[in-house]
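Okay, here's what each chain looks like letter by letter:
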Amino acid sequence: MYQEYLRASRRAWVISRLSTWSVRIILFAIANVVILSLSLSFYYAGSITIGTIYMVVYFTNMLVQPLQDIANNLQEFQNFNASILRINELKQTQNVLTDKGSHYLSSGPKEVTFNHVSFSYGNDKTVLKDINLRLGKGKTLGILGRTGSGKSTIIRLLSRIYDPSVGTITVDGINLTDISLTHLTEKIGVVTQETYLYQGNIRDNLTFFNPSITDEDIFTAIRSLGIEDFFSRFPRGLDTIIQPGGGGLSFGEAQLLALIRLFLKQPDIIILDEYS
Ligand SMILES: Nc1ncnc2c1ncn2[C@@H]1O[C@H](COP(=O)(O)OP(=O)(O)OP(=O)(O)O)[C@@H](O)[C@H]1O
Ligand SMILES: [Mg+2]
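These numbers come from a predicted model, not from an experiment. (Residues numbered from 1 in each chain as written. Chains lettered and ligands numbered in written order. Predicted model: local features only at pLDDT ≥ 70, side-chain atom pairs only at ≥ 80, totals over all residues. Heavy atoms only, no water.)

Trainee: What's the story with the environment of Thr-60 in this structure? I'm lost.
Mentor: Tracing the backbone through its elements, the reader meets Thr-60 in helix 2 (residues 50–62). Engagement of the side chain of Thr-60 in a polar contact is seen with the backbone oxygen of Val-56, the distance being 2.6 Å. (Helix = DSSP H or I, 4+ residues; strand = E, 2+ residues; numbered from the N terminus. Polar contact = N/O pair within 3.5 Å; in protein donor to acceptor, adjacent residues only side chain to side chain.)

Shown next as structure tokens:
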């Protein structure tokens, strides 16, 4: 797939370069021929001097770069257009999960149960088969398993990214499907296997531009996690700029930032997927 993409983008690049170059060369060759022949006829008629001819040719050639810039900008504009189309497609995507739940959870530790839960991602392969568990309030559960055994899938079901194919999951005795989805998302905090960090300072990466979260809230979260040492390594503190995709940070450092993010949310159920 990547090879196909590479071939297509290389072809598009070559065609666009060749076409802009050839248009540029042909257009300005024609312009120069026309201007020179016109100028010469005016010169022989005695109405302009050699200096004027030089200026006209010089000014015509000064137009090359701006016209080229316009062509390049048009290309950029087409890229933006394609991106807007894609964003619109994404916005129109319907969630297959129904959000009909009207129940709200109280604050504090929660009890979680899985009752005969089975799940498959829509193909023939059953990923989870008849999972039963009860996790009491305030209890911690660690799940170990081979790669691909379904650990992250359990998390996706508990955070209701998917619904079980068979069986039910309850929180404090309430079926997940009966809980308002937005409310459930607020109550559950997940540090996923992949940490998503964006280009910008650490503060915005932690708060997602939520102005109600103060710097003091962030420092309280850092202190309660006992990771002041880790944080003091950033020379400019919360103003330290992070490169796109978390560049410049190690995997563990990015996960610590994700953990601070999680604590700022103060969820009642905390899930750490492959946290080192
Ligand atoms: N979106 C998906 N669509 C189809 N199959 C999937 C999808 N996500 C995971 N699977 C399959 O489901 C199975 C369980 O995947 P899961 O990610 O839950 O494993 P895991 O135990 O978390 O593994 P790891 O330790 O590598 O993180 C795997 O066989 C995987 O190929
Ligand atoms: Mg996993």
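Trainee: Teacher, can you tell me more about the coordination of the magnesium ion (ligand 2) here?
Mentor: Ideal geometry at a metal centre gives angles of 109.5 degrees when four donors are arranged tetrahedrally and 90 or 180 degrees when six donors are arranged octahedrally. At this site the magnesium ion (ligand 2) is bound by Ser-152 (OG) and Gln-193 (OE1), with donor distances of 2.0 to 2.4 Å. In this pair, Ser-152 sits in helix 4 (residues 151–158) while Gln-193 sits in the loop between strand 5 (188–191) and strand 6 (200–201), placing the two residues 41 residues apart along the sequence. Gln-193 gets classed as partly exposed once you look at its relative accessible area, which sits at 26%. (Donors = N, O, S within 2.8 Å, 3.2 Å for Na, K, Ca; no water. Buried < 20%, exposed > 50% of the residue type's maximum accessible area, 1.4 Å probe, protein only.)

Trainee: Can you help me understand the site of ligand 1 in this one?
Mentor: For ligand 1, the set of nearby residues contains 15 residues, the closest of which are Lys-125, Thr-147, Lys-151, Thr-153 and Gln-193. Interatomic distance of 2.4 Å between a side-chain N/O atom of Thr-153 and an oxygen atom of ligand 1. Between an oxygen atom of ligand 1 and a side-chain N or O atom of Gln-193, the distance comes to 2.7 Å. Starting from 640 Å² of accessible surface for ligand 1 in isolation, the protein chains cover 68%. Residues belonging to the shell around ligand 1 are distributed by class as follows: three nonpolar, seven polar and five charged. (Near = heavy atom within 4 Å. Areas by Shrake-Rupley, 256 points an atom, 1.4 Å probe, with all protein chains shown as cover. Nonpolar A, V, L, I, M, F, W, Y, C, P; charged D, E, K, R; others polar.)

Trainee: Explain the nonpolar core to me, please; I cannot follow it from the model alone.
Mentor: A general tendency of soluble globular proteins is for nonpolar side chains to be buried together. Counting residues in each nonpolar core, the largest one holds 22 residues, and the members touching the most others are Ile-202, Leu-206, Ile-218, Phe-230, Phe-231, Leu-257 and Ile-260. Those elements that place two or more of their residues in this core are helix 6 (202–207), helix 7 (215–225), helix 8 (228–231) and helix 9 (251–265). Looking at which element gives the most residues to this core, the answer is helix 9, with eight residues. With residues up to four places along the chain from it excluded, the contact list for Leu-206 reads Ile-218, Leu-238, Leu-257, Ile-260, Arg-261 and Leu-264. (Core = buried A, V, L, I, M, F, W, Y, C linked by side-chain atoms within 4.5 Å. Contact = heavy atoms within 4.5 Å.)

Trainee: I'm lost on the pattern of salt bridges in this one. Help?
Mentor: Proximity of charged atoms lets side chains of opposite charge pair with each other. In the structure shown here, the tally under the stated rule is nine salt bridges. A salt bridge links Glu-111 to Arg-134, with the nearest nitrogen and oxygen atoms 2.5 Å apart. A residue pair is termed long-range when its members are at least 10 positions apart, and Glu-111 in the loop between helix 3 (64–92) and strand 1 (112–119) and Arg-134 in strand 2 (residues 128–135) qualify at 23 residues. Of the residues examined, Glu-111 reaches a relative accessible area of 23% and is grouped as partly exposed. Salt bridges linked by common partners bring Lys-110, Lys-187 and Asp-268 together as one network. (Salt bridge = Lys/Arg side-chain N within 4 Å of Asp/Glu carboxyl O.)

Trainee: Whenever I open this one, the pairing of strand 8 (residues 269–272) confuses me. Can you help?
Mentor: A regular strand places its side chains on the two faces of the sheet in alternate fashion. On strand 8, burial follows the alternation: Ile-269 and Ile-271 on one face are buried, whereas Ile-270 and Leu-272 on the facing-out side are not. Relative to strand 8, strand 5 runs parallel, the two sharing four bridges. Paired with Val-190 across the bridge in strand 8 is Ile-271. (Pairing = 2+ DSSP bridges.)

Trainee: Explain the sheet that holds strand 4 (residues 174–175) to me, please; I cannot follow it from the model alone.
Mentor: Two strands in a sheet stick together by hydrogen bonds in their backbones, pointing the same way (parallel) or opposite ways (antiparallel). Reading across from one edge, 2-1-3-4 is the order of the four strands in this open sheet, with antiparallel pairing throughout. Every other strand in the sheet has two partners, leaving strand 2 and strand 4 as the edge strands with one partner each. Relative to strand 4, strand 3 (residues 166–171) runs antiparallel, the two sharing two bridges. When the sheet's bridge partners are listed, Thr-170 is paired in strand 4 with Asn-175. Relative to strand 1, helix 4 is tilted by about 115°, and along the sheet it contacts strand 1, strand 2 and strand 3. (Axes fitted to C-alpha atoms, helices over the stretch in contact; angles between N-to-C directions.)

Trainee: I'm lost on the packing of helix 1 (residues 2–44) against helix 3 in this one. Help?
Mentor: Geometrically, a packed helix pair is captured by the angle between its two axes and the distance between the axes. With their axes 12 Å apart at the nearest point, helix 1 and helix 3 run at an angle of 150° to one another. With respect to each other, helix 1 and helix 3 are oriented roughly antiparallel. Helix 1 and helix 3 meet at a crossing whose hand is right-handed. Residues Ser-16, Arg-17, Thr-20, Arg-24 and Phe-28 of helix 1 touch helix 3, and the partners they reach there are Val-64, Gln-65, Leu-67, Gln-68 and Gln-75. Grouping the constituent residues of the contact of helix 1 with helix 3 by class yields three nonpolar, five polar and two charged. (Parallel < 35°, antiparallel > 145°, perpendicular 65-115°, else oblique. Left-handed = near helix turned anticlockwise from the far one by under 90°.)

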